[in-house]
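# Structural description and commentary
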Amino acid sequence: QEDFLADPVTGEIKVKKRLDDRKVELAKRLIAPEWVIDGIIPSGVGSLSGFAGVGKTTAIIPLACAAGGFVSHLDNLKVSIRRKVVIFTEQPSQIERLLYGIHKHMIMKGSNTHPSWEEISDWIHLINSKRESITELQMSLSEAANDYQYNHEKLGLISPLIILDTAAANLKVEQENDNGEISNNMAMIKELSEKTHAHFWIINHLSKDAKNQSIDQIMNMTARGGSAWGSDAQWTALIGKADPDNIDSETILKIDKERIGTLRGAEIVFKAAFQSEHMADKLGDLVEVSYPVVGMQRSETA
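Criteria and cut-off values
- Counting from 1, residues in each chain are numbered in the order their sequence is written.
- Owing to the predicted nature of the model, reporting of local features is limited to residues with pLDDT of at least 70; listing and counting of side-chain atom pairs is limited to 80 or more, with chain, interface and lining totals taken over all residues.
- Side-chain numbers come from the whole structure's heavy atoms, not from hydrogens or water.
- We call a set of buried residues a nonpolar core when its members are Ala, Val, Leu, Ile, Met, Phe, Trp, Tyr or Cys and they connect through side-chain atoms within 4.5 Å of each other.
- Accessibility here uses a 1.4 Å probe with only protein chains present; expressed as a share of the type maximum, an area under 20% marks a residue as buried, one over 50% as exposed, and anything in between as partly exposed.
- For helices the rule is a DSSP run of H or I covering at least 4 residues; for strands it is a run of E covering at least 2, with both sets numbered from the N terminus onward.
- Whether two residues touch is decided by their heavy atoms; if any such pair falls within 4.5 Å, the residues are in contact.
- Note on definitions: salt bridges are taken to be side-chain nitrogens of Lys or Arg within 4 Å of carboxyl oxygens of Asp or Glu.
- Angles shown run from 0 to 180 degrees and are taken between the N-to-C directions of axes, each axis being a line fitted to C-alpha atoms and, for helices, limited to the stretch in contact.
- Throughout, the term roughly parallel applies to angles under 35 degrees, roughly antiparallel to angles over 145, roughly perpendicular to angles from 65 to 115, and oblique to all others.
- What makes a crossing left-handed is the near helix being turned counterclockwise from the far one by less than a right angle; a clockwise turn instead makes it right-handed.
- Put simply, Ala, Val, Leu, Ile, Met, Phe, Trp, Tyr, Cys and Pro go in the nonpolar bin, Asp, Glu, Lys and Arg in the charged bin, and everything else, Gly too, in the polar bin.
- Being paired, for any two strands, means DSSP has found at least two bridges between them.
- Two joining distances apply to patches: 9 Å for like charges and 5 Å for nonpolar side chains (Val, Leu, Ile, Met, Phe, Trp, Tyr), and every residue must have over 30% relative accessible area and no salt bridge.
- Only the protein chains shown count as cover for residues, and the accessible areas themselves come from Shrake-Rupley with a 1.4 Å probe.

### Regarding the nonpolar core
- Core analysis: the largest hydrophobic core is formed by 55 residues, its most contacted members being I41, L63 and W201.
- Considering every element that reaches this core, the biggest residue donor is helix α1 (residues 56-67), with 8 residues.
- Not counting residues within four places of it along the chain, the set of residues in contact with I41 comprises W35, V36, L63, W201, W235, L253, I255 and I268.
- Among the nonpolar cores identified, the runner-up in size contains 24 residues, and L141, L171, I182 and A223 belong to it.

### A closer look at the pattern of salt bridges
- With the rule as written, the count across this model stands at 7 salt bridges.
- Among the salt bridges present, the one from K254 reaches D216, with a minimum N-O distance of 2.6 Å. Of this pair, K254 sits in strand β13 (residues 251-257) while D216 is found in the loop between β11 (199-205) and α7 (228-231), placing the two residues 38 residues apart along the sequence.
- Judged by its relative accessible area of 10%, K254 falls in the buried class.
- Salt bridges sharing common partners tie together D216, K254 and E267.

### With respect to the packing of α1 against helix α2 (residues 92-105)
- For the pair α1 and α2, interaxial distance at closest approach is 10 Å and the crossing angle is 50°. Accordingly, the angle class assigned to the pair α1 and α2 is oblique. Seen along the crossing, α1 lies across α2 with a hand that is right-handed. Facing T57, T58, I61, P62 and C65 of α1, the residues of α2 in contact are Q94, I95, L98, L99 and I102.
- Across the contact of α1 with α2, the residue classes break down as 7 nonpolar, 3 polar and no charged.

### Considering the sheet that holds β13
- Strand order across the open sheet formed by 9 strands is β7-β6-β10-β11-β5-β12-β13-β14-β15, with mixed pairing between neighbours. At either margin of the open sheet sits one strand with a lone partner, and together these are β7 (124-128) and β15 (286-298). Direction aside, neighbouring strands of the sheet carry axes that sit 25° apart on average.
- Where strand β5 (residues 45-50) lies against β11, 6 bridges are found, and the strand directions are parallel. Paired with S49 across the strands is N204, a residue of β11.

### Remarks on a nonpolar patch on the surface
- Residues M279, V287 and V289 make up a contiguous nonpolar surface patch of roughly 200 Å² in combined accessible area.
- Position of V289 relative to the elements: it lies in strand β15.

### Focus: the environment of D38
- Here D38 lies in the loop between β3 (35-37) and β4 (41-42).
- When residues no more than four places from it in sequence are discounted, the contact partners of D38 are K78, V79 and S80.

Structure, rendered in structure tokens:
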């Protein structure tokens, strides 16, 4: 953009008003917030953090599938606007097992049918993670935001939910603790979200100190690598255990920071049960393969 413009009639040089394209017109009315999961997971760019092994992926993938329209008749979550989901992941096999559990055991809300593999593959898309510079990542995320839109019958083009699982596997940050680098990446993602209307979940690790602490004890902790992951996000959530000393304890996602004004402390409880099937390996021998089936409930006490 040029700072100075010539009047086409008089030739007089005038200073360009640089803020015109950034001016926000007042709505003059209350605007209903936009949700990814109605009433609990906000729109925009969110940072979700938990310590290693707590079950971040086991919780996040069923929640992402709900955003994609796969809501169980047993869940009390609601999704008014369905979205395509694009997951940049370093562990596709784990996600495939979670999706298999949804395919085999979920009964869709409002019907008596299980989701087919064809429908799941149409709405949930996996991309192998690759550590990229901010310029490379911007190109990858822009491509995902534009290629995985769909045309809603009432609302027109609906942009996807894009998940980076994890940030460390997708962002090439030279200094892990450099908040400046992290802020630059977060600014790029937020600008892209505003431009394309895509929503982003950025998955991070908490420090090892969080491992033996309950979900309530880790509230206000920041993601490993820099406080900018949380401070620059539009909303944040923490994932932990109700009782870290109990291996069977439920996994809980709790909202930590948000801009709606009424959500802090709201939580979703996840409970996983494991099923197994015998599958043929490369040699044709049958081996037992287990996979989780995850139930979700928004806590009524939050």
